[in-house]
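A look at the structure
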Amino acid sequence: MAALNPSTIRRLQKLQQVPSVWEGDRRPIYSDSSSNPELEEETTNECIIWVDGSHGMVRAMDMVTSDIGPEAIVRTLLRAMENPQSPAPAIRPQKIVVKDREIQFFLRGVLQDLGITIDYVPDLPLIDEIFQGLQEVAENRPPNLPPDYAEALVEKAYQVWDDAPWEILGEHQIISIELNQWDLKNLYVCVLGKLGMDYGILLYRSLDSLKRFRQRVAYEKSYENLEEAFLGQDCLFITYDNLQEEGEEGDESEDIDLQNLSASEIQPNFGNLHPLEGLRSVLYEEEAATTLVAIEALHRFLRSYRKKMMGDKFPSINSRYRIPIPESEEVISVKVATMPEVAEELYEMAAEADIEGDEELEIEMPMLKNDLVPANSLLSLGVIPWETVTYLRDNTKLYQAAEEEIKSSGEGLPIVLIQTSLPKATKLIDDLQEAQGLHGIGFNIGEDPMEETSYDLGIFKTHDGVLHLFGEFVQNDPAHKKAKQKWDKRCQATDGWCGLIIARGITGASRGQPDFKDMMALFEVRFLSTKELGIGPLQLMPVSF
């Protein structure tokens, strides 16, 4: 059985203990998956909840998968004590009641030093009422796709996957679909996947929305503004993902080009983007009907004119098709046409942005230094649990806090760990302070043309604007590849927050696995994209004498 750290116990013992009784439980929440007939009919998550029964107040709640162990119950309980979601003080209850004997015995073992009585009761009326409400919400949630359209939409999505429009069309080569139905005159089709990354079909409701987004993507450098631009689109969409389950094998699957997988390993996803609604993974009936007619029209057009658009050719072509409206006897005439003028405009926009970006790099190329991290330091990419983050914030020589509250989601805070000797760790901390602190952590592409090797260059950016190289990682190294993929996923879970830990003890027993006492500094910073680093791919140049 896992035990709380002594420091955590001491911290919790400092909380005021009040004569209140808390109720806790963990129960499944069922949701219908009928929106996608390719999936199982029912999926199950579990909800952990802690309620202050004396005041009828929910203090903490978490959704977990059914395979998560009982430790999750304790994590939620600790948050209920120290950081309740209700506007309530941090306190320690005098008594806890549960209706599950296993949970009771587990909590007795873990909380035995906190002076909390753990009792069993056969019923928890307050939690029963809360869970009943949660289950009703889950059952009344609309399916991702209307049941009358789900099977046909998934079938048509696989049909488009087999058409593979990304093999002949770039993102700038736009196709219009004239509907004159459902208050929509035209849809504008943008195909994703030419670069072998994200695969999908975007169905813009207006050409202005499409052009505005392309322009912002071409010129925008800020991650936050790019996210705003993404949510400002007005379109329906179909995207394709790998069906492989997450886990150790799932992490490696992120590097697989989806085109190399069979259709049975691909899952289509549907949704809607709108400036006032944001991202929604639910299609309602009119949206489902619109999407179904549009992708059927696109399929017919590709089948007829694919050869004419191969080899980067995008001539002016148009054709009309009679397509039945789903769930009715009506047939509508749909006109599909290429838009070569728009394609040229979007291409020139992207090319112009690249030229301006190159000129800006020539003028404002930041310096990349290689003298910050001590030689022979141990470097690693990893993650520390949120409990450890909380401890280190109060127990390190130097703590640089994030500029805003970090969302405590996922496994923990993704971190770069640098372990070196005590004098070198002290100097590294002093150097970072002299540079006005750490601004962010990122990775940049590096190439050695002589060895035909590509690298992920780990880079620190300090607040004085200087870039510092902290590590060179071979991209094709399996261990690094897996660590980098996990790093990216964890940064997504924290909305782009990560950290740097500087530790001593490189020659001692804790070499490679520093103890809490060895961790001297924690910096909470933003993960910086390649674009935000602003240096572009770097190439090792041969030196001549």
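Definitions and limits used
Residues numbered from 1 in each chain as written. Predicted model: local features only at pLDDT ≥ 70, side-chain atom pairs only at ≥ 80, totals over all residues. Heavy atoms only, no water. Helix = DSSP H or I, 4+ residues; strand = E, 2+ residues; numbered from the N terminus. Areas by Shrake-Rupley, 256 points an atom, 1.4 Å probe, with all protein chains shown as cover. Buried < 20%, exposed > 50% of the residue type's maximum accessible area, 1.4 Å probe, protein only. Pairing = 2+ DSSP bridges. Axes fitted to C-alpha atoms, helices over the stretch in contact; angles between N-to-C directions. Contact = heavy atoms within 4.5 Å. Phe/Tyr/Trp six-rings, centres within 6.5 Å; stacked < 30°, edge-to-face > 60°. Core = buried A, V, L, I, M, F, W, Y, C linked by side-chain atoms within 4.5 Å. Salt bridge = Lys/Arg side-chain N within 4 Å of Asp/Glu carboxyl O. Patch = residues over 30% accessible without salt bridge, like charges linked within 9 Å, V, L, I, M, F, W, Y side chains within 5 Å. Lys, Arg positive; Asp, Glu negative; His and termini not counted. Charge placed at Lys NZ, Arg CZ, Asp CG, Glu CD. Expected span 1.5 Å × (residues − 1). pLDDT = per-residue confidence, 0-100. Parallel < 35°, antiparallel > 145°, perpendicular 65-115°, else oblique. Left-handed = near helix turned anticlockwise from the far one by under 90°. Nonpolar A, V, L, I, M, F, W, Y, C, P; charged D, E, K, R; others polar.

Notes on the overall build of the protein
- When helices and strands are tallied, the protein shows 14 helices and 23 strands.
- Surface exposure of the protein reaches about 28,400 Å², of which carbon and sulfur atoms provide 48%.

Considering the pairing of strand 9 (residues 235-242)
- Most of strand 9 sits out of view: six of its eight residues are buried.
- As paired strands, strand 8 (residues 199-204) and strand 9 are joined by six bridges and run antiparallel to one another. Considered in strand 9, the bridge of Tyr-204 is made with Cys-235.
- Of the pairings in the sheet, the one linking strand 9 to strand 10 (residues 266-274) comprises eight bridges and is antiparallel in character. Looking at strand 10, one finds that Thr-239 is bridged to Asn-269.

Brief notes about the sheet that holds strand 10
- If you walk across this open sheet you meet the eight strands as 11-10-9-8-7-6-13-12, and the pairing is antiparallel. Edge positions in the open sheet fall to strand 11 (278-280) and strand 12 (318-324), since each of these has one partner strand only. The mean angle between the axes of side-by-side strands here comes to 25°, regardless of whether they run parallel or antiparallel.
- Here helix 5 (residues 147-163) sits on the sheet and contacts strand 8, strand 9 and strand 10; the angle it forms with strand 10, its principal contact strand, is near 105°.
- Its contacts with the sheet place helix 9 (residues 285-305) against strand 6 (175-181), strand 7 (184-192), strand 8, strand 9, strand 10, strand 11, strand 12 and strand 13 (331-338), and it is angled at close to 135° to strand 12.

As for the packing of aromatic side chains
- Summed over the entire model, instances satisfying the criterion amount to 13 aromatic pairs.
- Between Phe-443 and Trp-487, the ring centres sit 6.0 Å apart and the planes meet at 80°, which makes this aromatic pair edge-to-face. A residue pair is termed long-range when its members are at least 10 positions apart, and Phe-443 in strand 18 (residues 438-448) and Trp-487 in helix 13 (residues 478-493) qualify at 44 residues.
- The class of Phe-443 is buried, set by a relative accessible area of 5%.
- Taking the relative accessible area as the measure of exposure, Trp-487 reaches 1% and is therefore buried.
- Ring geometry for Phe-470 versus Phe-473: centroids 6.4 Å apart, planes at 65°, classification edge-to-face.

So, the nonpolar core
- Core analysis: the largest hydrophobic core is formed by 53 residues, its most contacted members being Ile-177, Tyr-240 and Val-334.
- Here the element with the most residues in this core is helix 9; it accounts for 11 residues.
- For Ile-177, the residues in contact, after removing those within four places along its chain, are Lys-185, Asn-186, Leu-187, Val-189, Ala-294, Ala-297, Val-334, Lys-335 and Val-336.
- Val-18, Val-64, Ile-91 and Leu-107 belong to the second-largest nonpolar core, a separate cluster that totals 28 residues.

Details of the pattern of salt bridges
- Within the structure shown, the criterion is met by 23 salt bridges.
- The salt bridge partner of Arg-205 is Asp-234, with a shortest N-O separation of 2.6 Å. Here Arg-205, found in the loop between strand 8 and helix 6 (207-219), pairs with Asp-234, found in the loop between helix 7 (223-231) and strand 9; they are 29 residues apart in sequence, far enough to count as distant.
- The residue Asp-518 makes a salt bridge to Arg-504 at a minimum N-O spacing of 3.6 Å. Here the residue Asp-518 occupies a position in the loop between strand 21 (497-503) and strand 22 (519-528), and Arg-504 occupies one in the loop between strand 21 and strand 22, the gap between them amounting to 14 residues.
- Owing to a relative accessible area of 4%, Asp-518 belongs among the buried residues under this scheme.
- Since its relative accessible area comes to 30%, Arg-504 is described here as partly exposed.

With respect to a negative patch on the surface
- Where like charges cluster on the molecular surface, the negative patch consists of Asp-148, Asp-183, Glu-285, Glu-286 and Glu-327.
- Turning to its location among the elements, Glu-327 is positioned in the loop between strand 12 and strand 13.

Details of helix 13
- Between its first and last C-alpha, helix 13 extends 23 Å over 16 residues, near the 22 Å set by a 1.5 Å rise per residue.
- All of the buried residues along helix 13 are His-480, Lys-484, Gln-485, Trp-487, Arg-490 and Cys-491.
- Once helix 13 ends, the next one or two residues include Asp-495, with phi positive near 60°.

Here's the deal with the confidence of the model for the protein
- Confidence along the protein averages 83 in pLDDT terms, with 87% of residues attaining 70 or more.
- Of all helices and strands in the protein, the one with the weakest mean pLDDT is helix 8 (residues 248-253) (40), whereas strand 21 scores best (95).
- Here residues 245-254 is a poorly scored stretch, pLDDT under 50, and it has 15 contacts once near neighbours within four places are set aside; other chains count.
- Here residues 358-365 is a poorly scored stretch, pLDDT under 50, and it has six contacts once near neighbours within four places are set aside; other chains count.

A closer look at the packing of helix 5 against helix 9
- Packing of helix 5 against helix 9 brings their axes to within 10 Å, and their N-to-C directions diverge by 30°. Considering their axes alone, helix 5 and helix 9 lie roughly parallel with respect to each other. Here the hand of the crossing between helix 5 and helix 9 comes out left-handed. For the pair helix 5 and helix 9, the contacting residues are Tyr-149, Ala-152, Leu-153, Lys-156, Ala-157, Gln-159, Val-160 and Asp-163 in the first and Glu-285, Ala-288, Ala-289, Thr-291, Leu-292, Ile-295, Glu-296, His-299 and Leu-302 in the second.
- Here the contact of helix 5 with helix 9 is built from residues that sort into 10 nonpolar, three polar and four charged.

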